[in-house]
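What follows is each chain in one-letter form.
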Amino acid sequence: MGVYNRAPLEVERGRGARLWSTDGTEYLDCVAGISTNGLGHAHPDLVQAVKDQAEKLWHVSNIFRIPGQEALADALTASSFADVVFFTNSGTEAVECALKTARKYHVANGQPERIDIYGFDGSFHGRTYGAINAAANPSYTEGFGPPMQGFHQLKWGDKDALKAAFENPTTAAIILEPVQGEGGCRETPVEDLRWMRQMADDNGVLLIFDEVQCGMGRTGKLWAHEWAGMAPDIMAVAKALGGGFPVGACLATAEAAKGMTVGVHGSTFGGNPLAMAVGLKALSLIDSPETLGNVNEIAGYLKQQLAGLQERYPDVIVDVRGKGLLIGVKLVPNNREFMALARDTQKLLVAGGGDNCVRLLPPLNLTLEEAREAIDKFEGACKAARDAVSA
Ligand SMILES: *Cc1c(COP(=O)(O)O)cnc(C)c1O
């Protein structure tokens, strides 16, 4: 189906932060499958994990116990607020599970009237019906029938509206990305996250965090909400959890998941042995002082250098934002045109984003040398963009 506006680049193979097209051109990849190849392309340990598991067992049903699934669930709960995990194949399915878990919780509590779920403008939660309704971005919902009942959109940063949502007696949950990805790398201030935790507790409302993009080390801590020293009740994870292999997870406290009893939810492929083997390896490599330290170091360098570029190219760069290696650069020229210039003239791949941003989402193990190269290329693209205007 013609649902993608694809770049004219036929990719063949990758290694770390390098990507090669079928015509042999080498690119520096600061997209990383949109924050998904957290350890770069073809990481040898991940390749080995897939190979080893591929020879043992790919798939059984969830009617059996799957040791790799229990191991990954143990690793995720040990490194988060959560007590229980449901595995999926994608981010949007993890969000679906989160939404269902929230409504079921209130039913289990004897408050079935609590069905309202509030999301924020500029957020992105995936493409299934629940996820598009939760984000309520018109360009993703229009033409797909009536809005689903009980979903509402708040204006990002409108604290009065958010307070009213918490105090509404039929509210089930608030869903947000602690750092918005697709929306253009907008970060919710840590004091607001703490306030939300307090409001949720005071009003019997659940907090759902979508850390599909900002989680798994992207911001320099394993989970983005750790920066605020608080935690949600339910969290959707995917993207870098599989290092590029499809796997997602919905994490929750035992209390929040109390309505998720036998038979109420399920998945054929979710939690399959192959995905679990690679997820376990990816998590162990990312949740390490080495990788997280590297994210903070490289992010500091890139932010500083990009701020320097903003000073030298105020006619190109308006703002540099985001957290860790989820970096948004808001531009004067059209972001799509800038992406094409970076790709064609510099062989640098960057991602698009809302608010006319381009996003730099390099692998978390990017080296300082590669970061320097990325900055040189980004500057080259700024020059090309300036030349394009004066031409
Ligand atoms: C990518 C993304 C999703 C959807 O994940 P899929 O695997 O494409 O379904 C959901 N939420 C956020 C924040 C994302 O970035």
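Being a predicted model, the structure only gives us computed values, none of them experimental. (Residues numbered from 1 in each chain as written. Predicted model: local features only at pLDDT ≥ 70, side-chain atom pairs only at ≥ 80, totals over all residues. Heavy atoms only, no water.)

A closer look at the overall build of the protein
Then, in step 1: Secondary structure summary: the protein contains 12 helices and 15 strands in total.
Then, in step 2: Seen through its principal axes, the protein has C-alpha atoms that stretch 65 × 55 × 40 Å.
Then, in step 3: Going through the 391 residues of the protein one by one, you find that 53% of them count as buried.
Then, in step 4: Sequence-distant contacts in the protein: of pairs separated by 6 or more residues, those separated by 24 or more amount to 72%.
Then, in step 5: Total accessible area on the protein is roughly 17,000 Å²; 53% of this is exposed by carbon and sulfur atoms.
Then, in step 6: Side chains of the protein carry 36 positive and 47 negative charges; the gap between the two charge centres is 1 Å. (Helix = DSSP H or I, 4+ residues; strand = E, 2+ residues; numbered from the N terminus. Buried < 20%, exposed > 50% of the residue type's maximum accessible area, 1.4 Å probe, protein only. Contact = heavy atoms within 4.5 Å. Areas by Shrake-Rupley, 256 points an atom, 1.4 Å probe, with all protein chains shown as cover. Lys, Arg positive; Asp, Glu negative; His and termini not counted. Charge placed at Lys NZ, Arg CZ, Asp CG, Glu CD.)

So, the UniProt feature "binding site: pyridoxal 5'-phosphate" (unreviewed entry) in the protein
Then, in step 1: Per the UniProt record, "binding site: pyridoxal 5'-phosphate" (unreviewed entry) is found at G91, T92, F124, D210, E211, V212, Q213 and T268. These annotated residues cover 178 residues of sequence, and their C-alpha atoms reach 25.0 Å apart at the extremes, leaving them scattered rather than at a single site.
Then, in step 2: Checked against the element boundaries, G91 lands in helix α4 (residues 91-108).
Then, in step 3: Not counting residues up to four positions away in its chain, the partners in contact with G91 are V212 and A238.
Then, in step 4: Tracing the backbone through its elements, the reader meets T268 in the loop between β10 (248-252) and α9 (273-286).
Then, in step 5: Judged by relative accessible area, which is 54%, T268 ranks as exposed. (UniProt positions renumbered as here; feature names shortened; annotations may be inferred.)

Looking at the sheet that holds strand β5 (residues 116-120)
Strand pairs in the sheet, formed through backbone hydrogen bonds, run parallel or antiparallel to each other.
Then, in step 1: If you walk across this open sheet you meet the seven strands as β4-β10-β9-β8-β7-β5-β6, and the pairing is mixed. Each edge of the open sheet carries a strand with a single partner, namely β4 (84-88) and β6 (151-154). The mean angle between the axes of side-by-side strands here comes to 20°, regardless of whether they run parallel or antiparallel.
Then, in step 2: Of the pairings in the sheet, the one linking strand β7 (residues 171-176) to strand β8 (residues 206-210) comprises four bridges and is parallel in character. Within β8, the position partnered with I175 by the bridge is I208.
Then, in step 3: Relative to the sheet, helix α7 (residues 159-167) contacts β5, β6, β7 and β8, its axis offset from that of β7 by approximately 140°. (Pairing = 2+ DSSP bridges. Axes fitted to C-alpha atoms, helices over the stretch in contact; angles between N-to-C directions.)

Points about the site of the ligand
Then, in step 1: The ligand sits among S90, G91, T92, F124, H125, G126, E177, D210, V212, Q213 and K239.
Then, in step 2: Take T92: an N or O atom from its main chain is 2.8 Å from an oxygen atom of the ligand.
Then, in step 3: Contacts to the ligand include Q213, whose side-chain N or O atom sits 2.8 Å from an oxygen atom.
Then, in step 4: The fraction of the free accessible surface of the ligand (390 Å²) that becomes covered by protein chains is 81%.
Then, in step 5: Residues belonging to the shell around the ligand are distributed by class as follows: two nonpolar, six polar and three charged. (Near = heavy atom within 4 Å. Polar contact = N/O pair within 3.5 Å; in protein donor to acceptor, adjacent residues only side chain to side chain. Nonpolar A, V, L, I, M, F, W, Y, C, P; charged D, E, K, R; others polar.)

Describing the pattern of salt bridges
Then, in step 1: Under the criterion given, the structure shown has 17 salt bridges.
Then, in step 2: With its nearest N and O atoms 3.2 Å apart, the salt bridge here joins E26 to R18.
Then, in step 3: Take R18: its relative accessible area is 17%, and that puts it in the buried class.
Then, in step 4: Put simply, D355 and R321 hold a salt bridge, and the shortest N to O gap is 3.1 Å. A residue pair is termed long-range when its members are at least 10 positions apart, and D355 in the loop between β14 (351-353) and β15 (357-360) and R321 in strand β11 (residues 317-323) qualify at 34 residues.
Then, in step 5: The buried category is assigned to R321, whose relative accessible area is 16%.
Then, in step 6: Shared partners join several salt bridges into a network, and the residues in it are D319, R321, K330 and D355. (Salt bridge = Lys/Arg side-chain N within 4 Å of Asp/Glu carboxyl O.)

A few points about the environment of G204
Then, in step 1: Examined against the element boundaries, G204 turns out to sit in the loop between α8 (190-203) and β8.
Then, in step 2: For the pair G204 and L361, spaced 157 residues apart in sequence, the C-alpha to C-alpha distance is 36 Å.
Then, in step 3: Apart from residues no more than four positions distant in its own chain, G204 is found in contact with H106 and R114.

Focus on the UniProt feature "modified residue: N6-(pyridoxal phosphate)lysine" (unreviewed entry) in the protein
Then, in step 1: As annotated by UniProt and renumbered to match this structure, "modified residue: N6-(pyridoxal phosphate)lysine" (unreviewed entry) occupies K239.
Then, in step 2: The topology assignment puts K239 in the loop between β9 (234-237) and β10.
Then, in step 3: For K239, a relative accessible area of 22% corresponds to the partly exposed category.
Then, in step 4: Once residues lying within four places of it in the same chain are set aside, the contact partners of K239 are I34, S35, T36, V212, Q213, G244 and V247.

A few points about the sheet that holds strand β13 (residues 348-349)
Then, in step 1: Strand order across the open sheet formed by four strands is β1-β2-β3-β13, with mixed pairing between neighbours. In this open sheet, the two strands that pair with only one neighbour each are β1 (11-15) and β13.
Then, in step 2: Pairing analysis gives two bridges linking strand β3 (residues 26-29) to β13, with the strands arranged parallel. When the sheet's bridge partners are listed, D29 is paired in β13 with L349.
Then, in step 3: Relative to β3, helix α12 (residues 368-390) is tilted by about 105°, and along the sheet it contacts β2 (18-21), β3 and β13.

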